[in-house]
Amino acid sequence: SSVTGVRRDASKAMGFVVPGVRIRDDLNLQSNQYRLKIGQAIVGEDSVYPDRKLALPGGMSKRKLKGIECKDPSFGMDAVWIMPHQQAEAEADDHVVVEPESVVATHLSQMIYAHADKLIGPDDVQTLLDILERMAPTLIDTVVPKLVPLHTLTSVLRHLLTERIPVGDLRRILEGLADISGMGMAPMEMAERLRPSLVPQMLQQIVPVNQPLPLITLGPELEQLLLRSIPQGGAALMVDNALAEKIVGGLSQISEQLAAEGRHPIVIVASALRRPLASFTRMHALDCVVLGLDELPEGRRIKVVSNIGG
């Protein structure tokens with residue numbers, strides 16, 4: 001039932017029906033390990049202890065709990081598998097205590113979001129088009145495939161999903177594609193042009209509208225250094241190992257702090273740096289959203305929670 005709920009929630013958030021996923025466990029073999037598979041690929045694995053509960057320390061935690069120390073599989077936070085009778089002690093010391101099935105379900109949810117671009121194909125996109133055609137037949141007839149072939153639309157949606165941008169508002173996406181279809185853009189460039197109109201919906205899913213966006217900024221010198229590190233016409237950062245480690249370490253630390261508070265890290269940078277830095281964070285498995293300055297929604301409150309390299 002937990003897996004079904006994760007699939008349902010992910011489908012609603014991403015805007016398309018997430019196909020079946022499998023969880024293979026070897027708990028009956030006393031290994032305490034499980035594997036998450038999407039299609040034929042193993043996308044995640046870790047250990048879970050059915051007779052214990054996972055305790056994650058909060059900002060006010062001071063006590064070291066007895067148990068099996070580990071890293072939380074979803075967010076990489078320090079955690080401890082404790083016995084059920086230790087729950088009251090853990091919660092009194094500002095620990096969040098999670099049931100083992102919820103640990104697996106949250107890990108699965110993270111993997112679905114991380115691999116959403118691999119879960120959608122032309123048939124899924126055609127299903128979305130068929131649904132929209134009932135309400136906007138002229139739009140469909142005008143755009144697909146006359147202006148944008150199905151395979152190009154599928155590629156654009158995949159690029160959006162790579163960065164957690166939901167694709168459920170297909171009407172808005174097609175209208176945007178119609179405006180830029182004759183500019184000779186690659187699918188990735190099309191997706192980048194569509195982002196400002198779609199980012200607000202994504203932000204609503206990770207930060208309630210009545211709360212400020214927790215923004216991470218870069219120091220001016222670091223941001224200028226990264227801008228200069230982008231090769232002509234490139235979409236990647238060319239930085240040395242020392243600088244890469246500094247960025248990864250800074251983002252990892254603040255991301256872990258925000259995750260402990262139930263908040264998702266959002267990095268805000270110059271628009272020209274957005275795509276290269278987003279690619280950099282994905283390459284280093286950093287679970288954060290990277291926005292350009294032009295993508296901040298009007299009317300949303302913001303709060304700068306950290307500055308890296310300042």
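Residues numbered from 1 in each chain as written. Predicted model: local features only at pLDDT ≥ 70, side-chain atom pairs only at ≥ 80, totals over all residues. Heavy atoms only, no water.

Considering the overall build of the chain
Reasoning step 1: Of the regular secondary structure elements, the chain holds twelve helices and eleven strands.
Reasoning step 2: With the C-alpha coordinates of the chain rotated into their principal frame, the extents come out at 65 × 45 × 35 Å.
Reasoning step 3: Among the 310 residues that make up the chain, the fraction classed as buried is 45%.
Reasoning step 4: Across the chain, the centroid of the 32 positively charged side chains sits 1 Å from that of the 37 negatively charged ones. (Helix = DSSP H or I, 4+ residues; strand = E, 2+ residues; numbered from the N terminus. Buried < 20%, exposed > 50% of the residue type's maximum accessible area, 1.4 Å probe, protein only. Lys, Arg positive; Asp, Glu negative; His and termini not counted. Charge placed at Lys NZ, Arg CZ, Asp CG, Glu CD.)

Structural notes on helix 7 (residues 150–162)
Reasoning step 1: With 13 residues, helix 7 should cover 18 Å at 1.5 Å per step; its first-to-last C-alpha distance of 18 Å lies within 8% of that length.
Reasoning step 2: Among the residues of helix 7, Thr-152, Leu-153, Thr-154, Val-156, Leu-157, Leu-160 and Leu-161 are the ones counted as buried.
Reasoning step 3: The first or second residue beyond helix 7 is Arg-164, which carries a positive phi of 65 degrees. (Expected span 1.5 Å × (residues − 1).)

Some details on the sheet that holds strand 9 (residues 266–269)
Reasoning step 1: Read from one edge of the open sheet, four strands run 10-9-8-11, paired in parallel fashion. Looking at strand neighbours, the two that pair on one side only are strand 10 (289–292) and strand 11 (302–308), the edges of this open sheet. For this sheet, the mean angle separating the axes of adjacent strands, direction not counted, is 35 degrees.
Reasoning step 2: Relative to strand 11, strand 8 (residues 213–218) runs parallel, the two sharing six bridges. Looking at the pairing, Leu-218 lines up with Ile-308 of strand 11.
Reasoning step 3: Docked against the sheet, helix 9 (residues 187–206) engages strand 8, strand 9 and strand 10, running at close to 140 degrees with respect to strand 10.
Reasoning step 4: On top of the sheet, helix 12 (residues 271–283) reaches strand 8, strand 9 and strand 10; it is set at about 170 degrees to strand 10, its chief contact. (Pairing = 2+ DSSP bridges. Axes fitted to C-alpha atoms, helices over the stretch in contact; angles between N-to-C directions. Contact = heavy atoms within 4.5 Å.)

So, the nonpolar core
Reasoning step 1: One finds Leu-153, Leu-157, Leu-160, Ile-173, Leu-174, Leu-177 and Ile-266 to be the most contacted residues of the largest nonpolar core, which totals 65 residues.
Reasoning step 2: The dominant element in this core, judged by the number of residues it contributes, is helix 9, at eight residues.
Reasoning step 3: With near-sequence residues (within four places) excluded, Leu-160 lies in contact with Ile-165, Val-167, Ile-173, Ala-191, Leu-194, Arg-195 and Leu-198.
Reasoning step 4: Among the nonpolar cores identified, the runner-up in size contains 23 residues, and Leu-226, Leu-237, Leu-243 and Leu-273 belong to it. (Core = buried A, V, L, I, M, F, W, Y, C linked by side-chain atoms within 4.5 Å.)

Considerations on the packing of helix 5 (residues 122–133) against helix 8 (residues 170–180)
Reasoning step 1: Packing of helix 5 against helix 8 brings their axes to within 10 Å, and their N-to-C directions diverge by 95 degrees. Classified by the angle between their axes, helix 5 and helix 8 sit roughly perpendicular to one another. Where helix 5 abuts helix 8, its residues Leu-128, Leu-129 and Leu-132 lie against Leu-170, Arg-171 and Leu-174.
Reasoning step 2: Residues that form the contact of helix 5 with helix 8 fall into these classes: five nonpolar, no polar and one charged. (Parallel < 35°, antiparallel > 145°, perpendicular 65-115°, else oblique. Nonpolar A, V, L, I, M, F, W, Y, C, P; charged D, E, K, R; others polar.)

Re the side chain of Gln-110
Reasoning step 1: Tracing the backbone through its elements, the reader meets Gln-110 in helix 3 (residues 100–114).
Reasoning step 2: Not counting the four nearest positions on each side in its chain, Gln-110 is found in contact with Ser-74, Phe-75 and Asp-287.

Remarks on unusual backbone geometry
When glycine is set aside, most residues are seen to have a negative phi, and most peptide bonds are trans.
Reasoning step 1: In this chain, Val-144 is followed by Pro-145 through a cis amide linkage whose omega measures 5 degrees.
Reasoning step 2: Within the element layout of this structure, Pro-145 appears in the loop between helix 6 (137–143) and helix 7.
Reasoning step 3: The backbone of Asp-94 shows a phi angle near 65 degrees, a positive value even though the residue is not glycine.
Reasoning step 4: Tracing the backbone shows Asp-94 in the loop between helix 2 (87–92) and strand 7 (95–98).
Reasoning step 5: The class for Asp-94 is partly exposed, based on a relative accessible area of 34%.
Reasoning step 6: Although it is not a glycine, Ala-285 adopts a positive phi angle of roughly 55 degrees.
Reasoning step 7: With respect to the secondary-structure elements, Ala-285 resides in the loop between helix 12 and strand 10.

A few points about the pairing of strand 4 (residues 53–57)
Each regular strand displays side chains that alternate between the two surfaces of the sheet.
Reasoning step 1: Counting buried positions along strand 4 yields four of five residues, so the element is predominantly enclosed.
Reasoning step 2: Judged from the four bridges that link them, strand 4 and strand 7 form a sheet pairing that is antiparallel. Counterpart to Leu-54 in the pairing with strand 7 is Val-98.

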